[in-house]
Amino acid sequence: MSFHPASAPDFLPREQMNALQLDRLQKVAQRAYTKVELFRDRMRGFDGVHSLPEIADLPFTTKSDLRDTYPFGLFASPIEQVVRLHASSGTTGKPIVVAYTKEDLDVWTNVMVRAFAACGLTRGDIIQNAYGYGLFTGGLGAHYGAEALGATVIPISGGNTERQIMVLKDFNVTAICCTPSYFLHLLERAGEMGVNIADLPLRAGIFGAEPWTDSMRARIQVSGGIRAYDIYGLTEIIGPGVAIECEAQDGLHIFEDHFYPEIIDPDTGQPLPEGAEGELVLTTLSKQAMPLLRYRTRDITALIPGPCRCGRTLRRMRRIGRRSDDMLIVRGVNVFPSQIETALLAVEGTLPHYQIVLTRDKGLDQMEVLVEVTSEVFSDKVGALEGLHDRLAAALEHTLGIRAHVRLVGPQTIQRSEGKAKRVFDRRNLA
Ligand code: DLL
């Protein structure tokens, strides 16, 4: 098997990787300390980092640090050296703003080339990039990576679903980049237009920007006739290209020469041993314009011990199943949307479109799960619907430990997404 030349760092012997990481960590910590007021204040008396475990002595950064210093307060480079800004809108208030120097953009392109190469894409591929272009990092991040790979890029951006399907078909597209929920929408709309995506040359999807489960992957791979790869990233750290699955589809390789991962206990902030599940903390090892030390992502995962079949020495993390802040507490019980997705998709007759609605009735939490079912089931006699309803209700109760109201709805009832799907509606605190 031949590898892309840019992928060489993916295979570095461990000692070399550690030496490279330590060298970069020393430089980035020094840079943050000397150039950014917030770090200077938090790192009083800083006298260098002498070993990788000493990273644990550095302070954490959080999303509120980005908000509190809005817009340019964390920049470590003068604005003349900043060649790009991106922003991500939070759920509340001001967006967070991130900056890139020319070198930062080169690093981003480099990790994206390696990401595409890891899932088997080459210069021969025709890549439809349906991540949104603009302040969102998905579009431009994937764009420059795909171009530098030498592939043919179609910068279609998100939305305009019918045109996406026409292009997919007419341009012999071999790979698509978008959120997994948008790909579901494309599959469905294509079906309505008489196009079976599984019959097209499309062979790979590079899906990320939102959580999705292995059960969702299985559905997508079968109906799309493709291999669906999970790509992870976040605006604060760079955008897409922090980690990606390889062809083994067994965890996401972290581009550790640029992003140093730690797993901590989200409650105590203490580092956890390899293999333990906790919050992912990332340090940007080579960022110039906006270095972040020990950024708390809120994403929950675990580092996977042991080597990968693909031969990469880059450490792997499990797919992000949840965030530390997406836990719903329903009648005192902790519920994660990903548990619901897995339970629903394990039952035959469901479609991968669902919504979770929380309300409060006389002081008691109520959880309703709306799930679409195939038109065959929906139009079948009441018996089939009832049977499915009961199976789903039992599956949910078994997984969650509490009862949920299940409402079966026909195909196309639930709002489709063109970017990140919104599936949880918590109306408990509405008057
Ligand atoms: O979503 C960057 C990106 C674009 C990643 C395209 C992959 C593909 P943000 O909008 O800042 O950046 O959102 C980052 O989205 O902290 C995770 O909670 C979630 N997320 C991103 N990728 C995945 C994934 C982009 N593969 C936040 N699985 C992150 C689960 C993901 N969650």
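Position labels on residues start from 1 in each chain and follow its written sequence. The predicted origin of the model limits local features to residues at a pLDDT of at least 70 and limits the giving and counting of side-chain atom pairs to 80 or more, whereas totals for whole chains, interfaces and linings rest on all residues. Based on all heavy atoms of the structure, the side-chain values leave hydrogens and waters out of the count.

Some words on the sheet that holds strand E19 (residues 405-409)
The strand order across the open sheet built from 4 strands is E19-E18-E17-E20, with neighbouring strands paired in mixed fashion. Edge positions in the sheet fall to E19 and strand E20 (424-426), since each has one partner strand and no second. Neighbour-to-neighbour, the strand axes of this sheet turn through a mean angle of 15 degrees, independent of strand direction. DSSP-based pairing: two strands are paired if at least 2 bridges between them are found. Counting from the N terminus, the helices are the DSSP runs of H or I reaching at least four residues and the strands are the DSSP runs of E reaching at least two. Examined bridge by bridge, strand E17 (residues 350-361) and E20 share 3 bridges and lie parallel to one another. Looking at the pairing, Ile356 lines up with Val424 of E20. Whether two residues touch is decided by their heavy atoms; if any such pair falls within 4.5 Å, the residues are in contact. Lines fitted to C-alpha atoms define the axes, with helix axes restricted to the stretch in contact, and inter-axis angles between N-to-C directions lie between 0 and 180 degrees. Of the strands in this sheet, E17, strand E18 (364-373) and E20 touch helix H9 (residues 337-345), which is tilted by about 135 degrees from E17.

Overview of the environment of Asp106
Examined against the element boundaries, Asp106 turns out to sit in helix H4 (residues 102-118). When the C-alpha positions of Asp106 and Leu20 are compared, they lie 18 Å apart, and in sequence the two are 86 residues distant.

Things to note about the pairing of strand E11 (residues 277-284)
Burial classes: relative accessible area under 20% of the type maximum marks a residue as buried, over 50% as exposed, and values in between as partly exposed (1.4 Å probe, protein chains only). Summarising burial for E11: 7 of the 8 residues are buried, a large majority. Bridging between strand E10 (residues 259-264) and E11 involves 6 bridges; their strand directions are antiparallel. Its bridge partner lying in E11, Tyr260 is registered against Thr283. As judged from the 5 bridges shared by E11 and strand E12 (residues 295-304), these two strands associate in the antiparallel manner.

Some words on the site of the ligand
Note on terminology: near, applied to a residue and a molecule or strand, indicates that one of the residue's heavy atoms is within 4 Å of it. Taken together, 20 residues lie around the ligand, and Asp230, Ile231, Thr235, Asp299 and Lys420 are the ones closest in. We define a polar contact as two N or O atoms separated by no more than 3.5 Å, with the added condition that, inside protein, one atom must be a possible hydrogen donor and the other a possible acceptor, whereas residues neighbouring each other in sequence contribute only through side-chain atom pairs. The separation between a nitrogen atom of the ligand and a polar main-chain atom of Ala209 is 3.0 Å. Between the ligand and Ile231, the relevant distance is 2.7 Å, taken from a nitrogen atom to a main-chain nitrogen or oxygen of the residue. Note on areas: Shrake-Rupley with a 1.4 Å probe; residue coverage comes only from the protein chains shown. The protein chains hide 93% of the 610 Å² of surface that the ligand would expose on its own. Every element with two or more residues in the shell around the ligand is listed here: helix H5 (137-149) and strand E7 (227-234). If you tally residues by element for the shell around the ligand, the top one is E7, at 5 residues. Classes in brief: Ala, Val, Leu, Ile, Met, Phe, Trp, Tyr, Cys and Pro nonpolar; Asp, Glu, Lys and Arg charged; the others, Gly included, polar. Each residue belonging to the shell around the ligand can be placed in one class, and the counts come to 9 nonpolar, 5 polar and 6 charged.

Section: the domain arrangement of the protein
Taken domain by domain, the protein consists of domain 1 (5-324) and domain 2 (330-426). Start and end positions for the domains come from either an automated domain assignment or a database one. The distance between the C-alpha centroids of domain 1 and domain 2 comes to 30 Å. Each partner contributes residues to the interface: domain 1 has 22 residues there, and domain 2 has 20 residues. A side-chain nitrogen of Lys or Arg and a carboxyl oxygen of Asp or Glu constitute a salt bridge if their distance falls within 4 Å. With its nearest N and O atoms 2.6 Å apart, the salt bridge here joins Arg416 to Glu188. Our count for the domain 1 to domain 2 interface comes out at 13 residue pairs in polar contact (both at pLDDT 80 or more). Elements supplying a minimum of two residues to the side of domain 1 that touches domain 2: helix H7 (180-192), helix H8 (214-224) and strand E14 (322-323). No other element matches H7, which puts 6 residues into the side of domain 1 that touches domain 2.

Describing the nonpolar core
In terms of nonpolar packing, the biggest core is built from 80 residues, with Leu58, Phe116, Ile206, Tyr232 and Met317 touching the most fellow members. A total of 9 residues in this core trace back to one element, the largest contributor, which is H4. Here, nonpolar core refers to any group of buried Ala, Val, Leu, Ile, Met, Phe, Trp, Tyr and Cys residues whose side-chain atoms link them within 4.5 Å. Counting residues in hydrophobic clusters, the runner-up holds 26 residues, among them Ala130, Val173, Ile176 and Leu200.

Re unusual backbone geometry
Going from Tyr70 to Pro71, the amide bond is cis rather than trans, its omega being -5 degrees. Located in the positive-phi region is Arg294, a residue other than glycine, with phi close to 45 degrees. Along the chain, the position of Arg294 falls in the loop between E11 and E12. Take Arg294: its relative accessible area is 2%, and that puts it in the buried class. One non-glycine residue, Arg331, lies in the positive phi region at around 50 degrees.

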